[in-house]
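# Structure assessment
Residues per chain are reported as follows:
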Amino acid sequence: PIFLTDFIHPDNDHFLDIAFYFFLQFNLDKQLLNASKYAKSKGVILKGDLPIGIFKHSTDAWISPHLFNMDGQAGAPPDPFSATGQNWGFPTYNWSEMAKDDYAWWKNRMIILAKYFSAYRIDHILGFFRIWEIPANQVDGLLGVFNPAIPLVMQDFNNYGIPFDENRFCKPYLTFELLNSLFSKEIDEMLPVFFDVEENGLYSFKSNLACQKDLEEFLNSTTGRNYVSHKNVLFSLVCDVLLIKDKYQANAFHPRINLMDTYSFAFLNEHTQYNIRHLHDYYFYQMQDEFW
């Protein structure tokens, strides 16, 4: 294991770089404290900002990764201003782990802030009881789910008369006709680079390009630069699913938000569309209310 003392030892190659930040933060703390005391002496109080998240490469995340869901990213679901949602990029809080020491991390944080500020703006207050959590391997917010949230189980699908098919609902439903309509003249070039043909004649993303971050890395590489113009379409196809598996519970699922906008939904028969639409609305607008 690597310990903090290894980094701050003068023999460490990076000691001077690290020592600079010690010096910087020591003086910033001193200056802000002096400014706060001076302001109070003149009858002025300072109001601080309490952000909803921390940077994933911050000291907090490095020292106490168990307090954060490092496999997720906080953000916001789609809205009229952002069709694909927002991805803020920082890990979500692991509240159950934080509760084990009676939220000592939060108490310490507030003690430090109280040195400078007399009032606080709490950023994104909703995020303290539910947060839009996006998988770490995605770029936009469409494949996020609220955490915490009650997932759908088999009984829910039965109640709504929906024959459950995990592959059909949890994977993009990619037909040749669909891909041909999207990529047109470049279809013959795109298919072998990005997709595999399944036994049922449908297509799936190659395993090394099945998430947005892998796609982004490939498109930014020398090999993938010819396909950059198709980035938005490829990103949207990755998210073109009806259900998202719950990461805590087996055989439990969350509807993809606005699943009615997907190609996958359009390929369903009218009866199944009707039932899935109503289950989607029940999940987002009724099922979670009392829980939240």
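First, a word on scope: everything that follows refers to the structure included in this document. (Residues numbered from 1 in each chain as written. Predicted model: local features only at pLDDT ≥ 70, side-chain atom pairs only at ≥ 80, totals over all residues. Heavy atoms only, no water.)

## Remarks on the overall build of the protein chain
Each helix and strand counted, the protein chain has 13 helices and 12 strands in total. For a compact globule of 292 residues, the expected C-alpha radius of gyration is about 19 Å, and the protein chain comes in at 24 Å, more than 25% above that figure. The dimensions of the protein chain, computed from C-alpha atoms along their principal axes, are 70 × 50 × 40 Å. Taken over 292 residues, the protein chain has a buried fraction of 38%. Across the protein chain, every contact between residues at least 6 apart in sequence was considered, and the portion connecting residues at least 24 apart equals 63%. Working note: accessible area of the protein chain is about 17,300 Å², and carbon and sulfur atoms make up 56% of it. (Helix = DSSP H or I, 4+ residues; strand = E, 2+ residues; numbered from the N terminus. Rg over C-alpha atoms; globule rule 2.2 N^0.38 Å. Buried < 20%, exposed > 50% of the residue type's maximum accessible area, 1.4 Å probe, protein only. Contact = heavy atoms within 4.5 Å. Areas by Shrake-Rupley, 256 points an atom, 1.4 Å probe, with all protein chains shown as cover.)

## Focus: empty space enclosed by the protein
Going through the model one piece at a time under the given rule, you end up with one cavity of 30 Å³ or more. Lining the largest cavity are Leu152, Phe157, Ile162, Phe169, Leu242, Leu243, Pro255, Leu259, Ile276, Leu279 and His280. When residues in the lining of the largest cavity are grouped by element, the largest group, three residues, is from helix H13 (residues 270-287). The residue inventory of the lining of the largest cavity, partitioned by class, reads 10 nonpolar, one polar and no charged. (1 Å grid on protein atoms, 1.4 Å probe; cavity = no way out; pocket = protein on both sides within 12 Å on 5 of 7 lines; lining within 4 Å. Points joined across faces, edges and corners; volume = space filled by probe spheres on them. Nonpolar A, V, L, I, M, F, W, Y, C, P; charged D, E, K, R; others polar.)

## Some thoughts on helix H2 (residues 15-41)
For H2, which comprises 27 residues, the first-to-last C-alpha distance of 39 Å matches the rise-based estimate of 39 Å (1.5 Å per residue) to within 8%. Of the positions making up H2, those classed as buried are Leu33, Ser36 and Ala39. Within two residues after H2, glycine 43 carries a phi angle of roughly 80 degrees, on the positive side. (Expected span 1.5 Å × (residues − 1).)

## Regarding the packing of aromatic side chains
One pass over the full model with this rule turns up 29 aromatic pairs. Both rings, one in tryptophan 95 and one in tryptophan 106, keep their centres 5.9 Å apart while their planes meet at 10 degrees; by these two values the pair is stacked. You can see tryptophan 95 sitting in helix H4 (residues 95-99) and its partner tryptophan 106 sitting in helix H5 (residues 104-114), a full 11 residues away along the chain. For tryptophan 106, a relative accessible area of 9% translates into the label buried. Cation over ring: arginine 168 sits above tyrosine 173, and NZ or CZ is 3.9 Å from the ring centre. (Phe/Tyr/Trp six-rings, centres within 6.5 Å; stacked < 30°, edge-to-face > 60°. Lys NZ or Arg CZ within 6 Å of the ring centre and 35° of its normal.)

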